[in-house]
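Given next are the chains, with one letter for each unit.
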Amino acid sequence: MPSAGPSDEREQPPPRVLERVLPPGPPAPVEELVRWMGLWERPSGERPRPHVMLNMVSTVDGRATVGGRSGPISGAADRELFHALRAAVDGVLVGAGTIRAERYGRIIRDAPVRAERVARGLPEEPLACVVSGRLELPHDIGLLQTAGARVAVLTASPASLPPVPAEVEYVRCSHHGRLDLSAALTELRRRHDVRTLLCEGGPHLAQELVAANLADELFLSVSPLLAAGEPMGGEALRILAGMELEPPAQVELAGILRDESWLFLRYRVASEERV
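Fair warning: this is a prediction, and the values are worked out from it, not measured in the lab.

A. Region of the structure containing the sheet that holds strand β11 (residues 217-223). Strand order in the open sheet made by the 11 strands is β2-β1-β12-β13-β11-β3-β10-β4-β5-β6-β7, with mixed pairing throughout. Strands at the two margins of the open sheet, each flanked by one partner only, are β2 (25-29) and β7 (167-172). Across the sheet, the mean angle separating the axes of adjacent strands is 25° when strand polarity is ignored. Alignment of strand β5 (residues 127-131) against strand β6 (residues 150-155), held across 4 bridges, turns out to be parallel. Bridge pairing in β6 links Val130 to Val153. In this fold helix α2 (residues 76-87) packs onto β1 (17-22), β3 (51-59), β4 (91-95), β10 (196-199), β11, β12 (251-259) and β13 (262-269), with an angle of close to 35° to the strand it touches most, β13. Sitting on the sheet, helix α6 (residues 181-192) is in contact with β3, β5, β6, β7 and β10, with an inclination near 130° to β7.

See the structure below:
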C-alpha cells in the first residue's frame, strides 16, 4: 500500500468510526481500535526475530492492484487503518518494487502521532526497512530525500546507495547470493530492537515471508470493488504472488471490523514446515 496521506499542515477530516463485529463491541475510531487490539504492546521474551504482520488490501475478486498500484482500490477507512497500524510498530517492511510503484515518502507525517510515539518511549517514526536484493532503488523518492528519516536496506548486494538526506544503514545477509530474509529479520531485532514489524508488500515479499514461516498475522482490507482484468505481464497480482505454497498456509480469523461495505479482517498465520 502507498504511504500517501495528509501533510502535517492540512486540515484533517473527522476520524471514521468502525463497527466491531468480532470480537463484538461498540463502534470506535481507528486509533482507539488499534489500542484495543493491543498493537502498542511489545512482544515479551527473547524471540530472535520481530513479530511480523502483513497489511494488504484486495478487491472482492482478489485483485491487489489496479493499474499497477494499490491506491485505486483503497478507501478512507482503509487509509486511516493503514496509518494507525504504522504508528504503533517498530518497523515498516516494504519491497523495492512497491517502493518504486508507490513512490514512498515519510513513514509518519503527522506531528501529533510522532509526539505520541515519543511519549510512549519509541522513536518518532518506525524504522523503514526496504528489501532490495540488487539495491535497485530510486534515489529521488521522498523516503530517501527526507532528512533524518531512518532507513535500513535489507540486501545481499555489497553496493551502497549514493549519499541521500535520509540516514541509511545496511543489513547484508546472503545465502547462495540471494538475500537471507530470515537472517535479515533477526539482524533487525538484534541491531535495532525491532520487535513488531509491519509488512506493506508487495505481494512477492509477502509470499516469501509466508513461505519461510516468517509471517505471524495478516491484516486484510477487503475493498467493495470488482476489478477483473489481468495486470501487467498477464500475472493476476493477488496479495501473495509467486510460487504456490505447499502446503497452503492455514490462517485463523481473529477479528472483523466493518465500515459500510468495507471489511477489515485480522488473521493469525499458522506456522508450517514447507518444502
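Having seen the structure, we can now continue with the description.
B. Just the side chain of Arg189, in detail. As for its position among the elements, Arg189 is in helix α6. Owing to a relative accessible area of 12%, Arg189 belongs among the buried residues under this scheme. Aside from chain neighbours lying at most four places away, what touches Arg189 is Gly45, Glu46, Arg47, Pro48, Arg49, Pro50, Val194 and Arg195.

C. The arrangement of the pattern of salt bridges in detail. Across all of its chains, the model carries 19 salt bridges by this definition. Taking the shortest distance from any N to any O, the salt bridge between Arg103 and Asp140 comes out at 3.0 Å. Taken together, the positions of Arg103 in the loop between α3 (96-102) and α4 (111-119) and Asp140 in the loop between β5 and α5 (142-145) put the pair 37 residues apart, joining distant regions of the chain. The exposure class assigned to Arg103 is partly exposed, which follows from its relative accessible area of 41%. Under the relative-accessibility criterion, Asp140 is labelled exposed at 53%. In this structure, Arg266 engages Glu217 in a salt bridge whose closest nitrogen and oxygen atoms are separated by 2.6 Å. One end of the pair, Arg266, is in strand β13; the other, Glu217, is in strand β11, and 49 residues separate them in sequence. Per residue, the accessibility class of Arg266 equals that of Glu217, and both read buried. What you see here is one network of salt bridges that share partners, running through Glu169, Glu187, Arg190 and Arg191.

D. Focus on the pairing of β1. Two elements, β1 and β2, share 3 bridges in a ladder whose sense is antiparallel. In the strand pairing of β2, Val17 is matched with Pro29. From the end of β1 to the start of β2, which pair antiparallel, there are 2 residues. When β1 meets β12, the two strands line up antiparallel, connected through 3 bridges. Bridge pairing links Leu22 to Ile256 in β12.

Rules behind the numbers
- Residues numbered from 1 in each chain as written.
- Predicted model: local features only at pLDDT ≥ 70, side-chain atom pairs only at ≥ 80, totals over all residues.
- Heavy atoms only, no water.
- Pairing = 2+ DSSP bridges.
- Helix = DSSP H or I, 4+ residues; strand = E, 2+ residues; numbered from the N terminus.
- Axes fitted to C-alpha atoms, helices over the stretch in contact; angles between N-to-C directions.
- Contact = heavy atoms within 4.5 Å.
- Buried < 20%, exposed > 50% of the residue type's maximum accessible area, 1.4 Å probe, protein only.
- Salt bridge = Lys/Arg side-chain N within 4 Å of Asp/Glu carboxyl O.

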